[in-house]
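Listed below, chain by chain, are the residues.
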Amino acid sequence: MIGAIRRAFRTPDLRKKLLFTLGILVIFRLGSFIPSPGIDYTKVQECVASPQLNEGGFAMINLFSGGALLQLSIFALGIMPYITASIIVQLLRVVIPRFEALHKEGASGQAKLTQYTRYLTIGLAILNSTTLVATVRSGALFGDVQNCQDLIANDTWWGIAVLVLTLTAGTGLIMWLGEQITEHGVGNGMSLLIFTSVASAFPSSLGAIFREQGVDIFIIVMAVGLVLIALVVFVEQSQRRIPVQYAKRMVGRRMFGGTSTYIPIKVNMAGVIPVIFASSVLYLPSLISQFFDPESKAVEWINTYFTRGDHPLYITVYALLTIFFAYFYVAITFNPEEVADNMKKYGGFIPGIRAGRPTAEYLSYVLSRINFPGSLYLAFVALIPLIALVLINANQNFPFGGTSLLIVVGVGLETVKQIDAQMQQRHYEGLLR
């Protein structure tokens, strides 16, 4: 592995791409520590270091921002507005025919959808930054931590406007940095930025477990982490290959087709999206409860069952929502009828299955069979931090589980594959063997 990395850096153009990518990631991490204007940075640092800190519903956003959210830096919103915008545009393809038509147009249509995603990202950034500033002003950002109410030093309308503008501009800059990595670097830019944010939380999480639980629990956590990483790598690489045969056809005087290929259907086709959806839905009750009387029975019930995450009801609902969104997202993103029509158009067929509607029904049948263990796998990985919360009293940002593990392993595998492909083009062995 070390020799392969050396060969990668000895290749001039590949070395240039790798160094460019690393440079962008360094800039991204530096921006996570630059305080926003008008914020009492000293007081914020005291609140972040407080042992009473309970991130609650902001844990997911703080995870994707690499800890920048609670520090109220210029990159406090992180990549979350872009992720939300991308998901919304993808889901709107089912609702708006124009979006579906653009998706089928190829490169030009994809460029138009990307432009819509950018506009929506800026709109969501304005909304999120306004909500974040309102939360900071109300003193609800750090929950029950004492003396964390007056964090905005310049609480005038002008200071608030500059703060909202800065947070929105930070999201726009993050989006631009990700696109630069995709275009001039190695790997998918947005995915690598998320990877960097999530991976940056690993040292602090492991350090907290070492300090609070002792050496024995720390060693057990590391051993369990290695086993879980191996499990996730195995499942993420697993796929059902459906064979496809293309008939020979004459185009002019040339013969085309007659080749054999396959349709790869991954066990986990939904990726990390179902876990994010389930976490967001479960956060809604606690978010809504903030606007009602804290001593009411409904708010007390929500705080008991849907806040910390160690209650069996919360765990059960979380698992069921993850399974539901796994089926839902796969049904949205993979259209068996579209795949069957494209195969029929180019003379492809599955051996033993007639082209057209029988092919679509067969693909739907295989997809439902594959999606069942995939959804159970996602639910299991999502529940790992909650199980750790119950067993060793670790917080919900337990490093080896949930969204963090799926993102780190998934993005790492894809990036290594891209580096390996570029090295193989230059007649090297590559990183993978």
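Placed above this text is the structure.
Residue positions are counted from 1 within each chain, in the order its sequence is given. Local features in this predicted model are restricted to residues whose pLDDT is 70 or higher, and side-chain atom pairs enter the listing and the counts only when it is 80 or higher, whereas totals over whole chains, interfaces and linings include all residues. Note that the side-chain values use all heavy atoms of the structure and ignore hydrogens as well as water.

A short note on the overall build of the protein chain
The secondary structure content of the protein chain amounts to 18 helices and five strands. Burial status follows relative accessibility: with a 1.4 Å probe on protein chains alone, a residue under 20% of its type maximum counts as buried, one over 50% as exposed, and anything between as partly exposed. Of all 433 residues assigned to the protein chain, the portion counted as buried reaches 43%. Residues count as neighbours in contact if any of their non-hydrogen atoms are within 4.5 Å of one another. Long-range contacts, defined as pairs at least 24 residues apart, comprise 69% of the intrachain contacts of the protein chain with a sequence gap of at least 6. For the protein chain, the accessible surface area stands at approximately 22700 Å², while carbon and sulfur atoms represent 63% of it. Secondary structure elements follow DSSP: runs of H or I of four or more residues count as helices, runs of E of two or more count as strands, with numbering from the N terminus. For the accessible areas, the method is Shrake-Rupley and the probe is 1.4 Å, while residue cover comes only from the protein chains on display.

Remarks on the side chain of S36
Structurally, the position occupied by S36 is in the loop between helix 2 (12-31) and helix 3 (41-48). Given the relative accessible area of 3%, S36 is considered buried. Residues adjacent in sequence count toward polar contacts only when both atoms are side-chain atoms; beyond that, a polar contact is any pair of N or O atoms within 3.5 Å, and within protein one must be able to donate a hydrogen and the other to accept it. In terms of polar contacts, S36 uses its side chain to reach the backbone carbonyl oxygen of L72, at 2.9 Å. Within polar-contact distance, the side chain of S36 engages the backbone nitrogen of I74 at 3.5 Å.

Some points on the sheet that holds strand 5 (residues 348-349)
Two strands qualify as a pair provided DSSP detects at least 2 bridges between them. Reading across the sheet, the three strands line up as 4-1-5 and stay open at both edges, with antiparallel pairing between neighbours. Two strands lie at the open edges of the sheet, namely strand 4 (260-266) and strand 5, each paired on one side alone. As paired strands, strand 1 (residues 239-246) and strand 4 are joined by seven bridges and run antiparallel to one another. Paired with V244 across the bridge in strand 4 is T261.

Here's the deal with the packing of helix 6 (residues 80-95) against helix 15 (residues 312-333)
Every axis corresponds to a line fitted to the C-alpha atoms, with the helix fit spanning only the stretch in contact, and the corresponding angles, defined between N-to-C directions, vary from 0 to 180 degrees. Axis separation between helix 6 and helix 15 bottoms out at 10 Å; the angle between their running directions is 65 degrees. Classified by the angle between their axes, helix 6 and helix 15 sit roughly perpendicular to one another. For the pair helix 6 and helix 15, the sense of crossing is left-handed. Note on element contacts: helix 15 touches helix 6 through F328, Y329, I332 and T333, opposite Q90, L91 and V94. The residue inventory of the contact of helix 6 with helix 15, partitioned by class, reads five nonpolar, two polar and no charged. Roughly parallel means an angle under 35 degrees; roughly antiparallel, over 145; roughly perpendicular, 65 to 115; everything else is oblique. Two helices that cross are described as forming a left-handed crossing if the nearer one is turned anticlockwise from the farther one by less than a right angle, and a right-handed crossing if clockwise. Following the grouping adopted for this structure description, the nonpolar residues are Ala, Val, Leu, Ile, Met, Phe, Trp, Tyr, Cys and Pro, the charged ones are Asp, Glu, Lys and Arg, and the polar ones are all others, Gly among them.

A short note on helix 8 (residues 107-138)
Across its 32 residues, helix 8 extends 46 Å between first and last C-alpha, which sits within 8% of the 46 Å expected from 1.5 Å per residue. Looking at helix 8, one finds that the buried residues are G109, L113, T117, T121, L124, A125, S129, L132, V133, T135 and V136. Next to the buried residues of helix 8 lie helix 5 (68-71), helix 6, helix 7 (97-104) and helix 9 (157-184). Two residues or fewer past helix 8, G139 is found with a positive phi of approximately 80 degrees. To estimate the expected span of a helix, subtract one from its residue number and multiply by 1.5 Å.

Brief notes about a nonpolar patch on the surface
What goes into a patch is any residue over 30% in relative accessible area without a salt bridge, connected to like charges within 9 Å or, for nonpolar side chains (Val, Leu, Ile, Met, Phe, Trp, Tyr), within 5 Å. We define a salt bridge as a side-chain nitrogen of Lys or Arg found within 4 Å of a carboxyl oxygen belonging to Asp or Glu. A contiguous nonpolar patch, built from F9, L19 and L22 and spanning about 250 Å² of accessible area, is present on the exposed surface. Here F9 lies in helix 1 (residues 2-10). Residue classification places F9 among the partly exposed positions, given a relative accessible area of 30%.

Quick notes on the packing of helix 10 (residues 189-199) against helix 18 (residues 402-425)
Between helix 10 and helix 18, the shortest axis-to-axis distance is 9 Å and the interhelical angle comes to 135 degrees. Here helix 18 runs oblique to helix 10, going by the angle between their axes. Where helix 10 crosses over helix 18, the handedness of that crossing is left-handed. Residue-level inspection shows S191, L192, I194, F195, V198 and A199 of helix 10 in contact with helix 18, the latter providing S404, I407, V408, V411, G412 and T415. Taken together, the residues of the contact of helix 10 with helix 18 sort by class into eight nonpolar, four polar and no charged.

Points about the nonpolar core
One finds I79, Y318 and L406 to be the most contacted residues of the largest nonpolar core, which totals 67 residues. For this core, the element with the most residues is helix 17 (residues 357-392), which contributes 12 residues. Looking at which domains feed residues into this core, each of domain 1 (1-185) and domain 2 (229-432) supplies at least three. The term nonpolar core refers to a set of buried residues drawn from Ala, Val, Leu, Ile, Met, Phe, Trp, Tyr and Cys, joined through side-chain atoms within 4.5 Å. A domain assignment, automatic or from a database, supplies the domain bounds used here.

A short note on the pattern of salt bridges
Counted according to the given criterion, the structure contains four salt bridges. With a closest N to O distance of 2.8 Å, R118 and E179 form a salt bridge. Placement of the pair is R118 in helix 8 and E179 in helix 9, with a sequence separation of 61 residues. For R118, a relative accessible area of 28% gives the class partly exposed. One salt bridge in this structure joins R357 and E361, with 3.3 Å as the shortest N-O distance. Highlighted residues: R357 and E361, both in helix 17, separated by four residues, approximately one helical turn. Residue class for E361 comes out partly exposed when judged on its relative accessible area of 47%.

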